[in-house]
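Structural overview for review
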Amino acid sequence: MSRPDVRSFSVGPVQENCHIVRADPQATRAVIVDPGDEPERLLDAAEALGVEIEAVLLTHCHFDHIGAVAPVARATGAPVYCPEIERPLLTDVMSWVPPGFGPFESYDPEHTLAGGERLSLAGLDIEVLFTPGHSPGHLTYAIPGAVLSGDVLFQGSVGRVDLPGGDWATLERSIGTLLARFPGDTVVYPGHMGVTTLQRERDTNPFLAELRARVPAAAPAAGPGTTAR
Ligand SMILES: [Fe+2]
């Protein structure tokens, strides 16, 4: 089975990563994760890829991840899936935006998610995981071979925990859940900076020293005769 095709675009003043995800490189339907800014650029990218956006998925509702939700949803007609307890941030965006950013348009999402759901969108099987700590309702979207994990885990770093609802012990627990749940070669498409893998972060991320001691090396790959890397 081919792995999903993920195209990432760093948008806006804080270079948030928005991802256009489809089941394979020939698929004509896609989901878009965290359209944070530059809606025209994202819509042009979807058109250039020849895909129709079937859904907008949000990992969390910090302004840099949701600034282009309204224009993208309007242009595509795609329903928006929002973390349940962060919905008030999307429906009243500008009340939460720091000075100097925006303006952004609020949006009333069609669906809310709490984690634990399974979505079938654009031919993708998507598992929704509750991964709080950076923000109180943060979600991670798992697709075959990869996770779209917003601001949970970065290449050599982790999401900040000093914003409202942030908590390090909670974030560490969320990261531990991802490490325990998915194979080490799972690709991590984060909300900022470059792509990495769960194994690489488990082994080298300086913020995960304590977690390393508690979480065993990579979850074994599926199937007999394979060895964990
Ligand atoms: Fe964030």
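Residues numbered from 1 in each chain as written. Predicted model: local features only at pLDDT ≥ 70, side-chain atom pairs only at ≥ 80, totals over all residues. Heavy atoms only, no water.

**What about the coordination of the iron ion?**
For the iron ion, the full set of protein donor atoms is His 60 (NE2), His 62 (ND1), His 134 (NE2) and Asp 151 (OD), and the range of their distances to it is 2.2 to 2.4 Å. Classification of the site at the iron ion as irregular follows from its four donor atoms and the range of 84 to 173 degrees in their angles at the metal. In primary sequence terms, the donor set of the iron ion follows H-x1-H-x71-H-x16-D. Here His 60, found in the loop between β4 (52–57) and α2 (63–66), pairs with His 134, found in the loop between β8 (124–130) and β9 (139–143); they are 74 residues apart in sequence, far enough to count as distant. Here His 60 and His 134 have matching classes, each one buried. (Donors = N, O, S within 2.8 Å, 3.2 Å for Na, K, Ca; no water. Tetrahedral: all angles 85-135°; square planar, octahedral: opposite > 155°, others 65-115°. Helix = DSSP H or I, 4+ residues; strand = E, 2+ residues; numbered from the N terminus. Buried < 20%, exposed > 50% of the residue type's maximum accessible area, 1.4 Å probe, protein only.)

**Notes on the nonpolar core**
If you look at the biggest cluster of nonpolar residues, it comprises 32 residues, and the most contacted ones within it are Ile 20, Ile 32, Val 56, Leu 58, Val 69, Val 80 and Leu 90. With five residues, the single largest contributor to this core is helix α1 (residues 39–49). Look past the residues within four positions of Leu 90 in its chain and what remains in contact with it is Leu 58, Cys 61, Ile 66, Val 69, Val 80, Cys 82, Ser 106, Tyr 107 and Pro 109. Formed by 22 residues, the second largest nonpolar core is a distinct cluster that contains Val 21, Val 31, Leu 124 and Leu 148. (Core = buried A, V, L, I, M, F, W, Y, C linked by side-chain atoms within 4.5 Å. Contact = heavy atoms within 4.5 Å.)

**A closer look at the sheet that holds strand β3 (residues 29–33)**
Across the sheet, which stays open at both edges, the six strands sit in the order β1-β2-β3-β4-β5-β6 with mixed pairing between neighbours. Edge positions in the open sheet fall to β1 (5–11) and β6 (111–113), since each of these has one partner strand only. Going across the sheet, the axis of each strand differs from the next one's by a mean of 25 degrees, ignoring polarity. Relative to the sheet, α1 contacts β1, β2 (16–22), β3 and β4, its axis offset from that of β1 by approximately 155 degrees. The sheet contacts of helix α3 (residues 69–76) involve β3, β4 and β5 (80–83), and relative to β4 the element is tilted by about 145 degrees. (Pairing = 2+ DSSP bridges. Axes fitted to C-alpha atoms, helices over the stretch in contact; angles between N-to-C directions.)

Remember that the coordinates give geometry; whether it matters functionally is a separate question.
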